[in-house]
There are 2 protein chains.
Amino acid sequence: MSALRIALFLILFSFALANENPDAHVFPRPLVIEYPENIEPRFDDEVRLKCASWRFAGEANNLNPWKTIPEECAGYVKDYMTGKGYESDLLRASEEAGVYAQNVELGGDGKDVWVFDVDETLISNLPYYYEHGFGLEVFDSVEFDKWVEKGVAPAIKSSLKLYQDIKRLGFKAFLLTGRSDRHREVTVENLKNAGFQDWDKLVLRLPEDHVKSATTYKSEKRSQMVEEGFRIVGNSGDQWSDLLGSSMSQRSFKLPNPMYFIP
Amino acid sequence: MSALRIALFLILFSFALANENPDAHVFPRPLVIEYPENIEPRFDDEVRLKCASWRFAGEANNLNPWKTIPEECAGYVKDYMTGKGYESDLLRASEEAGVYAQNVELGGDGKDVWVFDVDETLISNLPYYYEHGFGLEVFDSVEFDKWVEKGVAPAIKSSLKLYQDIKRLGFKAFLLTGRSDRHREVTVENLKNAGFQDWDKLVLRLPEDHVKSATTYKSEKRSQMVEEGFRIVGNSGDQWSDLLGSSMSQRSFKLPNPMYFIP
């Protein structure tokens, strides 16, 4: 079982890092999951229009809380996530973040911080959601934890590049995740294997944080950073609950995620 | 000239209100502007993908400040604004706002407020932008003022419905616009002719506000509302500068607008 895990990890890891051409569609195609590529799109123009508006509403934080993607949008979301759209949107978000970061004048006192969320921001759980309807199934924390504990989530390539640029520019990288602190070890291992190095802080949820909404938990943690004298200059996350609340970053970058919603 | 203005207005107004079927594409097709419909799309899949990511980045507030739309996206933005996409996205944003509004428990003291931006939120300047490249030309305040002074901007139908629902539910409707106070009269006339009635406040920019960014100006005005004891429960706007800053609303609804950016 352990050998299988290592093999699976190596396959994913090699794909995550192997291709140096940023235009190649290395993600998420190389995942070691069989998928029938030749199915005809299961939706017409009207459904596509409706689902595009639903996705836009989600990304602009207009949607009321939701637990699963609309059933009629299952094909649309699958196409978006496995086609070129998701990768292209991820790239653009990180490119804009990179341009902003380059133009920030750092204080020179080591207090300028970029906050990164982890799941769907630095590393991708797409292999898991690939097997679970891309958000069509109600979230199953037991099943998802099993996936997390494998520690094989691949890097989001454009985020890895932004992360490396941020570090090179002299920002502190603070990782702020909704993952439980009991997954610290596997998360560290996963992040390192995906190519992330030298973060300055990794904040995970302690038992007392589990009852809080992500917005509250992350706001509290950002407020602590500010109290410690750090300036939160940038923040990358795939959920609005990564970005909104108190002690907000000077600029926030919302990465796409039409698969799930965390309040 | 005056007769022409009245005729133009009547045409626009009748289209804005005439069609009771929400699925009909009454907007913006009926505008009295000749447009060559038969031109082939001037962009391929790669440009479409890139421009879709640019638009997503704008709507998610990821873009760095910009003055014109990317030249390669001129055809893409035109298609979006004049096709079904824009109308569909507008509708979804207001529908979600309506669902939220219906589930808010009002205080019963007349202090619950919904803040609306005006341009591209309640009424549409699409006839103007139709003639000016949909954001491809640098904004020309002299030309735009001429358009504003005509007072013929049509209602955004889905916003008019939301506005009426909001009023019916018992919210106060506060209109907060970046328009100059010297355009108060024509703005009032335009809003009324477009079907908006009985707003509780209409805040326009006074001379001292013109140096401020929209974010600062609107934050100050929202703070005044809060100081006066109002609770800002909802906020609709097509710019993030309508929604972010201080004294933010409990929920915000970002309407689509890929044509221009106001900081």
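What counts and what doesn't
Residues numbered from 1 in each chain as written. Chains lettered and ligands numbered in written order. Predicted model: local features only at pLDDT ≥ 70, side-chain atom pairs only at ≥ 80, totals over all residues. Heavy atoms only, no water. Contact = heavy atoms within 4.5 Å. Buried area = accessible area lost by both parts, 1.4 Å probe. Salt bridge = Lys/Arg side-chain N within 4 Å of Asp/Glu carboxyl O. Polar contact = N/O pair within 3.5 Å; in protein donor to acceptor, adjacent residues only side chain to side chain. Helix = DSSP H or I, 4+ residues; strand = E, 2+ residues; numbered from the N terminus. Axes fitted to C-alpha atoms, helices over the stretch in contact; angles between N-to-C directions. Parallel < 35°, antiparallel > 145°, perpendicular 65-115°, else oblique. Nonpolar A, V, L, I, M, F, W, Y, C, P; charged D, E, K, R; others polar. Pairing = 2+ DSSP bridges. Phe/Tyr/Trp six-rings, centres within 6.5 Å; stacked < 30°, edge-to-face > 60°. Buried < 20%, exposed > 50% of the residue type's maximum accessible area, 1.4 Å probe, protein only. Lys NZ or Arg CZ within 6 Å of the ring centre and 35° of its normal. Least-squares fit on C-alpha atoms with pLDDT ≥ 70 in both. Disulfide = S-S within 2.5 Å.

### Quick notes on the interface of chain B and chain A
Okay, step 1: Listed per partner, the contact involves 29 residues of chain B and 29 residues of chain A.
Okay, step 2: Buried area between chain B and chain A, summed over both chains or domains, comes out near 2,400 Å², and the portion from carbon and sulfur atoms is 55%.
Okay, step 3: The interface formed by chain B and chain A holds zero salt bridges in total.
Okay, step 4: Here chain B and chain A share 14 residue pairs in polar contact (both at pLDDT 80 or more) between them.
Okay, step 5: Listing elements by their share of the side of chain B that touches chain A, those giving two or more residues are α2 (45-59), α4 (84-102) and β5 (251-254) of chain B.
Okay, step 6: Among the elements that line the side of chain B that touches chain A, the one with the most residues is α4 of chain B, at nine residues.

### Section: the packing of α4 of chain B against helix α7 (residues 157-169) of chain B
What describes two packed helices is the angle between their axes and the distance between those same axes.
Residue and element names in this part refer to chain B.
Okay, step 1: The N-to-C vectors of α4 and α7 enclose an angle of 10 degrees; their axes lie 9 Å apart at closest approach. Judged by the inter-axis angle, α4 sits roughly parallel to α7. Contact with α4, carried on its side by L90, L91, S94, A97, G98, A101 and Q102, involves S158, S159, L162, I166 and L169 of α7 and no other residues of that element.
Okay, step 2: In terms of residue class, the contact of α4 with α7 is built from seven nonpolar, five polar and no charged.

### As for the sheet that holds strand β4 (residues 231-237) of chain B
Residues and elements named next belong to chain B.
Okay, step 1: Spatially, β3-β2-β1-β4-β5 is the arrangement adopted by the five strands of the open sheet, whose pairing is parallel. Only two strands of the sheet have a single partner each, and these edge strands are β3 (201-205) and β5. For this sheet, the mean inter-axis angle between neighbouring strands, taken without regard to orientation, is 20 degrees.
Okay, step 2: With four bridges joining them, β4 and β5 adopt parallel strand pairing. Counted as the bridge partner of N235 is S252 from β5.

### Topic: the packing of aromatic side chains
Residues and elements named next belong to chain A.
Okay, step 1: Summed over all chains, the structure comprises 35 aromatic pairs over all chains.
Okay, step 2: Judged by centre distance (5.1 Å) and plane angle (90 degrees), the ring pair of Y128 and Y129 falls under edge-to-face. Exposure class is identical for Y128 and Y129. Each is buried.
Okay, step 3: Ring pairs connect the aromatic residues Y100, W114, F116, Y163, F171, F196 and F253, which therefore count as one cluster.
Okay, step 4: Cation over ring: K111 sits above F230, and NZ or CZ is 4.5 Å from the ring centre.

### Things to note about the relation of the copies chain B and chain A
Okay, step 1: Between chain B and chain A, which share one sequence, the superposing operator has a rotation angle of 180 degrees and an axial displacement of 0.0 Å; the RMSD is 0.0 Å. Both copies of the chain, as the preceding transformation shows, are related through a two-fold rotation axis. It is A60 of chain B whose C-alpha, among those of chain B, lies nearest the rotation axis, at 2.6 Å.

### Here's the deal with the pattern of salt bridges
Okay, step 1: Scanning all chains against the criterion turns up 40 salt bridges over all chains.
Okay, step 2: K212 of chain A serves as the salt-bridge partner of E220 of chain A, at 2.8 Å between the closest nitrogen and oxygen.
Okay, step 3: With a relative accessible area of 32%, E220 of chain A lands in the partly exposed category.
Okay, step 4: In this structure, D89 of chain B engages R55 of chain B in a salt bridge whose closest nitrogen and oxygen atoms are separated by 3.4 Å. In this pair, D89 of chain B is assigned in helix α4 and R55 of chain B in helix α2, connecting sequence segments 34 residues apart.
Okay, step 5: Judged by relative accessible area, D89 of chain B falls into the buried class, the value being 3%.
Okay, step 6: It is possible to trace a salt-bridge network through shared partners that takes in D109, D112 and R231 of chain A.

### Thoughts on the state of the cysteines
Residue and element names in this part refer to chain A.
Okay, step 1: Per the counting criterion, the structure on display carries two disulfides over all chains.
Okay, step 2: Across the disulfide, C51 is cross-linked to C73 (sulfur-sulfur distance 2.1 Å). Because the sign of the S-S torsion sets the handedness, a value of about -90 degrees for the bond joining C51 and C73 places this disulfide among the left-handed ones. You can see C51 sitting in helix α2 (residues 45-59) and its partner C73 sitting in the loop between α2 and α3 (74-82), a full 22 residues away along the chain.
Okay, step 3: Taking the relative accessible area as the measure of exposure, C51 reaches 0% and is therefore buried.

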